[in-house]
Amino acid sequence: MHLFSKIIRFIVFAGIFWAVIVLGSCAPARTILQQADLSPDPIRTQTVDPPSARDFEQFQTLLLGPYLKPTRFEVVERDVITPDWLDNRATVERRNYAVSHGQAANPFEIILITPNDRPNAPVIITQNFSSNRSVVARDGESPLPGEARSMGPLGSIFGYFFGRYIVEHPYENILDRGYAVAVMHPPDYVPDRKAAGVERLKSIFPDAGESRPGALTVWASLTIALADELKADVPERSIIAYGHSRYGKTALIAAALSDNIDSAVSHQSGTVGASIMRDKTGESLKDIVTSYPQWVTPLASDYTDDYRSLPVDAPALLAAIAPKPILLGNARRDVWSDPEGAYRAAKIAAPVWGADSFTAERLDDFQPADDIAFWIRPGTHGVVKEDWPAFLDFLDAHFK
């Protein structure tokens, strides 16, 4: 009987695992056993003309949709939750905003965690997969009172398969290295579900038609609006946009569009992010338009059947961020996000920063002081213990 119950638990656990693989943004089963080659193909990495500003305009028009600033991004309530979080390391503040792009305002919560010994520290703005209560929770406790949403059992499943830091961040390490963190949950504004997300975008932009913005651009506008506010409060403060997977795409978009964002840490951003799209490695534009149509503008569907007809590619997005430093994070078994495609895009975009801006000779040649730093580790899609030390080394190299 004991063996039978073990078998049943194994079957249930395996079913949950494959459900997460299929439903999440990670690599589907057919790519899990593949590994990215750490030595880039010399033919595929041949130098081509670097992208221009016009290329990024096309990238926006065809894939992202127009960037529109919120017409309202206003604090309606703010309070200090705790002034001595994590053994007096930090003050945790909650800000409730009224946010609108022209429609009736939507409530939106942001949590700001500031090191007590460095109140003007650089701020890492993070967009996260779960509610703020789950993201800020630490060791089973949360500084956030009240009936907040959480991922519930799904949070522990995500944490097991995609790394502990897919849901929360190593706050002690981040604070001890001298950085503040601002936490937000973008689906509180535009849901990250296929039907609900599309309907929400149509309700926000009822007259935009096929050229309406995608959720990636709208989510980026939230990071940008917060960066504008934080810079207005402390002009000398540096602002870093951070994100993983879909929010890695958003971090790059925000850095490209905002003068007040000083850097981006984009981890495993893949297609419509840092990786080349005009080949068949990993996730295709068709995969995104089919599974996540809310992310992009409807015009992107014009290029799903003939990927080579797309007139612009990932280097246009990367080059639009110059001269700000960026880190592109990857994992060898995350072939779905195409690490080699991200490396090739960085090589193409690098001349826009100037000579010696991207010196990595291989995918595992981590150079944190480069304008474009490339990080890769073993493993799959997620955020694990090896990732954040690399992210912080990169930030230290540029902001200390």
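What counts as what
Residues numbered from 1 in each chain as written. Predicted model: local features only at pLDDT ≥ 70, side-chain atom pairs only at ≥ 80, totals over all residues. Heavy atoms only, no water. Salt bridge = Lys/Arg side-chain N within 4 Å of Asp/Glu carboxyl O. Helix = DSSP H or I, 4+ residues; strand = E, 2+ residues; numbered from the N terminus. Buried < 20%, exposed > 50% of the residue type's maximum accessible area, 1.4 Å probe, protein only. Pairing = 2+ DSSP bridges. Axes fitted to C-alpha atoms, helices over the stretch in contact; angles between N-to-C directions. Contact = heavy atoms within 4.5 Å. Phe/Tyr/Trp six-rings, centres within 6.5 Å; stacked < 30°, edge-to-face > 60°. Lys NZ or Arg CZ within 6 Å of the ring centre and 35° of its normal.

Caption draft 1: Highlighting the pattern of salt bridges. Per the counting criterion, the structure on display carries 17 salt bridges. A salt bridge links aspartate 79 to arginine 94; the nearest nitrogen and oxygen atoms lie 3.4 Å apart. Taken as a pair, aspartate 79 in strand 1 (residues 72-84) and arginine 94 in strand 2 (residues 90-100) lie far apart in primary sequence, 15 residues in all. Between glutamate 93 and arginine 95 there is a salt bridge, with its nearest N and O atoms 3.1 Å apart. A residue is classified by how much of its surface remains accessible, and arginine 95, at 5% relative accessible area, is buried.

Caption draft 2: Broad picture of the sheet that holds strand 1. Spatially, 9 strands are ordered 1-2-3-5-4-6-7-8-9 in an open sheet, and the strand pairing comes out mixed. Edge strands, defined here as strands with exactly one partner in the open sheet, are strand 1 and strand 9 (372-377). Strand-to-strand, the axes of this sheet are offset by a mean angle of 20 degrees, without reference to chain direction. Bridge count for strand 4 (residues 123-127) against strand 5 (residues 180-184) is 5 bridges, and the pairing is parallel. Across the sheet, isoleucine 124 pairs through a bridge with valine 181, a residue of strand 5.

Caption draft 3: Local environment of the environment of arginine 200. Relative to the helices and strands, arginine 200 resides in helix 7 (residues 194-204). For arginine 200, a relative accessible area of 19% translates into the label buried. Arginine 200 has contacts with Gln103, Asn106, Tyr189, Val190 and Pro191, leaving out every residue within four places of it along the chain.

Caption draft 4: Here's a closer look at the packing of aromatic side chains. Per the stated rule, a full pass over the model turns up 12 aromatic pairs. An aromatic cluster is built from Phe129, Trp219 and Tyr247, whose rings are joined through pairwise contacts. Positioned above the aromatic ring of tyrosine 189 is the side chain of arginine 200, whose terminal nitrogen or guanidinium carbon lies 5.2 Å from the ring centre.

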